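# Coordinate analysis (summary)
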Amino acid sequence: MSLKSFDKFCEMIITSEPGSQKVILDERQRQVNSKLTTEALLIYIFASFANTAVMDRIYQWCDSFLAPMALIAAVCYIYWILRCHFSSALFGINGTAPAKWSAGILMVLSVLWCVPFLFDFADEGGVFHDGMLTAQLVGGISFLLIFIGAAATLVLAKRTEKAEPSDNEKKG
């Protein structure tokens, strides 16, 4: 870490508000996080391209092109969470509070986004429509996976908190 980046890092720690919901990452975490985010986005791009090519030329397995892309995005989100956690880049040096806050909001939003899909699924009357999966089913599965990813973030945050001694335990 260069002296300039270390000074910037120290400045972020000093000037941030206590209990801030902003994630503070050290230089290694920032680089790993950026690399893994790029990796997950590239996987999403190639998987979406492959899925669109298959649905356009070989077999359209879903009655919508957007719903499978949401499903691929949800899978890439879970992949990104796991890769960041195992690389120690999911939680910043200021603790797990920002990640827990984001995961909680995402869990609530995924449930709210899933409700219209459930009502449409009940109205459409099934899993299949003209030999294809319905967009309502695939969309509902997508939001369920997003909920699972956010719940996994909460579980990983709790495990990380238990593994790291608190400030009181360090002093005593």
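Heads up: these notes are all about the structure in this document. (Residues numbered from 1 in each chain as written. Predicted model: local features only at pLDDT ≥ 70, side-chain atom pairs only at ≥ 80, totals over all residues. Heavy atoms only, no water.)

Our focus in this paragraph is the pattern of salt bridges. Enumeration over the complete set of coordinates arrives at five salt bridges. Notably, a salt bridge pairs Lys35 with Glu39, separated by 4.0 Å at the nearest N-O pair. Taken as a pair, Lys35 and Glu39 lie in helix H2 (residues 27–58) at a separation of four residues, close to a single helical turn. Take Lys35: its relative accessible area is 52%, and that puts it in the exposed class. Using a relative accessible area of 21% as the deciding quantity, one classes Glu39 as partly exposed. In this structure, the salt-bridge partner of Glu161 is Lys100, at a minimum N-O distance of 3.0 Å. In this pair, Glu161 sits in helix H5 (residues 135–163) while Lys100 sits in helix H4 (residues 97–124), placing the two residues 61 residues apart along the sequence. Since its relative accessible area comes to 33%, Glu161 is described here as partly exposed. According to the relative accessible area criterion, Lys100 is partly exposed, its value standing at 24%. (Salt bridge = Lys/Arg side-chain N within 4 Å of Asp/Glu carboxyl O. Helix = DSSP H or I, 4+ residues; strand = E, 2+ residues; numbered from the N terminus. Buried < 20%, exposed > 50% of the residue type's maximum accessible area, 1.4 Å probe, protein only.)

The next thing to look at is the nonpolar core. Leu36, Ile81, Cys84, Leu90, Phe91, Ala99, Leu156 and Ala157 together form the largest nonpolar core, which totals eight residues. When contributions to this core are tallied by element, the ones reaching two or more residues are helix H3 (66–86) and H5. Those residues in contact with Leu90 that lie beyond four places of it in its chain are Trp80, Ile81, Cys84, His85 and Leu156. Ranked by size, the runner-up nonpolar core spans five residues in total, among them Met55, Cys62, Ala67 and Ala135. (Core = buried A, V, L, I, M, F, W, Y, C linked by side-chain atoms within 4.5 Å. Contact = heavy atoms within 4.5 Å.)

Turning next to the side chain of Ser110. Here Ser110 lies in helix H4. Contacts of Ser110, omitting those with residues within four sequence positions, involve Phe143, Ile146 and Phe147.

The next point concerns a nonpolar patch on the surface. Nonpolar side chains collect at one region of the surface, where Trp101, Ile105, Val108, Leu109, Leu112 and Trp113 lie side by side and expose about 590 Å² of accessible area between them. If you trace the backbone, Leu109 turns up in helix H4. (Patch = residues over 30% accessible without salt bridge, like charges linked within 9 Å, V, L, I, M, F, W, Y side chains within 5 Å. Areas by Shrake-Rupley, 256 points an atom, 1.4 Å probe, with all protein chains shown as cover.)

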